Amino acid sequence: MKKKFDYNAYKKNIINIWNEVAPRYHKRFAQKDIGPFQSTSKLVEFAKIKPGDKVLDIACGTGAVTKKILKKVGLSGMVIGTDVSFNAIKIAKKWNVHKNNLDFLVADAENTFFQKKFDIITCQYGLFFFPNASKVLMNLKKCLKKNGVLAISVHGDKDTVPFFSTILEAIKKFIPDFIPPGTPTFDRFGNKQALRKVVSAAKFKKIKVKEYVFTYNIDSFSDFWNNYLRYVAKPVKVKLNTLSPTEMKKVKELARKNTLRYTDNGKIVFPWKVLILTASKT
Ligand SMILES: C[S@@+](CC[C@H](N)C(=O)[O-])C[C@H]1O[C@@H](n2cnc3c(N)ncnc32)[C@H](O)[C@@H]1O
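As the structure is a computational prediction, the values presented were derived from the model and not from experiment. (Residues numbered from 1 in each chain as written. Predicted model: local features only at pLDDT ≥ 70, side-chain atom pairs only at ≥ 80, totals over all residues. Heavy atoms only, no water.)

Overview of the overall build of the chain
Regarding its fold elements, the chain presents ten helices and eight strands. For 282 residues, the compact-globule formula gives about 19 Å, and the C-alpha radius of gyration of the chain, at 19 Å, lands near that figure. The principal-axis extent of the C-alpha atoms belonging to the chain is close to 60 × 45 × 35 Å. Sorting the 282 residues of the chain into buried and exposed places 49% on the buried side. For the chain, contacts bridging at least 24 residues in sequence account for 80% of all contacts bridging at least 6. A total accessible area of about 14500 Å² is found for the chain, and carbon and sulfur atoms account for 55% of it. (Helix = DSSP H or I, 4+ residues; strand = E, 2+ residues; numbered from the N terminus. Rg over C-alpha atoms; globule rule 2.2 N^0.38 Å. Buried < 20%, exposed > 50% of the residue type's maximum accessible area, 1.4 Å probe, protein only. Contact = heavy atoms within 4.5 Å. Areas by Shrake-Rupley, 256 points an atom, 1.4 Å probe, with all protein chains shown as cover.)

Quick word on the environment of Val65
With respect to the secondary-structure elements, Val65 resides in helix H3 (residues 64-73). Residues Val65 and Val161, spaced 96 residues apart in sequence, show a C-alpha to C-alpha distance of 21 Å. In this structure, Val65 is in contact with Thr40, Leu43, Val44, Asp57, Thr122 and Gln124, ignoring residues within four places of it in sequence.

Details of the nonpolar core
One finds Ile121, Leu127, Leu137, Ile152, Val199 and Leu277 to be the most contacted residues of the largest nonpolar core, which totals 84 residues. By residue number, the principal contributor to this core is strand S8 (residues 267-280), which donates eight residues. When near neighbours in sequence (up to four residues on either side) are disregarded, Leu277 contacts Leu150, Ala151, Ile152, Leu195, Val199, Ile207, Lys208 and Val209. (Core = buried A, V, L, I, M, F, W, Y, C linked by side-chain atoms within 4.5 Å.)

Things to note about the side chain of Asp83
Relative to the assigned elements, Asp83 resides in strand S2 (residues 78-83). It is Lys11 that comes nearest to the buried, bridge-free Asp83 among opposite-charge side chains, at 11 Å. Of the polar contacts made by the side chain of Asp83, one reaches the backbone nitrogen of Gly61; its length is 2.8 Å. Discounting chain neighbours no more than four positions away, the residues touching Asp83 are Ala59, Cys60, Gly61, Ala88, Ile89, Leu105, Val106 and Ala107. (Lys, Arg positive; Asp, Glu negative; His and termini not counted. Salt bridge = Lys/Arg side-chain N within 4 Å of Asp/Glu carboxyl O. Polar contact = N/O pair within 3.5 Å; in protein donor to acceptor, adjacent residues only side chain to side chain.)

Remarks on the environment of Trp272
Tracing the sequence through the fold places Trp272 in strand S8. Separated by 109 residues in sequence, Trp272 and Phe163 place their C-alpha atoms 7.6 Å apart. The contact partners of Trp272, leaving out residues within four places of it in the chain, are Pro36, His155, Thr160, Val161, Phe163, Phe164, Tyr212, Val213, Phe214 and Tyr216. Among the polar contacts made by the side chain of Trp272, one reaches the side chain of His155 at a distance of 3.0 Å.

Regarding the pairing of strand S3 (residues 102-106)
Where S2 and S3 come together, five bridges link them in parallel fashion. Bridge pairing links Gly81 to Phe104 in S3. Read as a crossover between parallel neighbours, the route from S2 over helix H4 (residues 86-95) to S3 is right-handed. (Pairing = 2+ DSSP bridges. Right-handed = clockwise from strand over helix to strand, strands pointing away.)

Right, here's the structure in full:
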């Protein structure tokens, strides 16, 4: 019998994974403006944040976007960052010097509601994690002022983000249920139509989507593979450990084969598609 998507197990897993991964995610990616994080400045730019604005940054992680927003709103503005991961929020608080007009809260976006009305709500690389993304968007709309703006970024379709797909597709050949059925995938809003659809279902207006292809460079396949194994979260490691050494070798070889088209002189240059959407409440 086909297994059904287990919402509670998924939520628990996401919190565990992000609590574990947050410090290395911050160190390797979020605090540097490299690869997909070149989108952070673009997102903040498209949101047209002004001095004095009140901004909510949903699924703020370790505060990469929040930090840039704070600079824009200045002392007369206010920023709140929320995330379901306690450890991510802990890093965000430490990394962003304490200010009276900045707050970070542990909160699940699917149950987040503020009486306060915001001028702008941002969400970078978070939307696809919410099983009920349209419900989140509808709730967020209620937290916006009349002409409030939503600004979101998501990863492109899996073939446009080989950093994820080259290894993942290789593993799935050997562990078909590596990702449990029904699990929200990182690329579910990875094309313009899908992203527009979920945002217009929440009745946002003036929707604009821009696409970017950034690059992410890795010195060699060995670096790519070894870092994957080193940094992967425990629940994923447990699944990988069900493979025999021979199977693991085959996964590695297949992953290597998948990276060849992005490899030149031993160095990998991955393209990384990102979609940035802005929309208005009215
Ligand atoms: C890829 S990170 C992005 C973090 C940050 N926006 C950035 O760009 O660096 C995804 C974040 O989404 C958070 N997240 C996942 N599901 C969530 C939910 N239901 N509510 C709030 N945050 C969630 C994770 O804890 C993680 O910090």
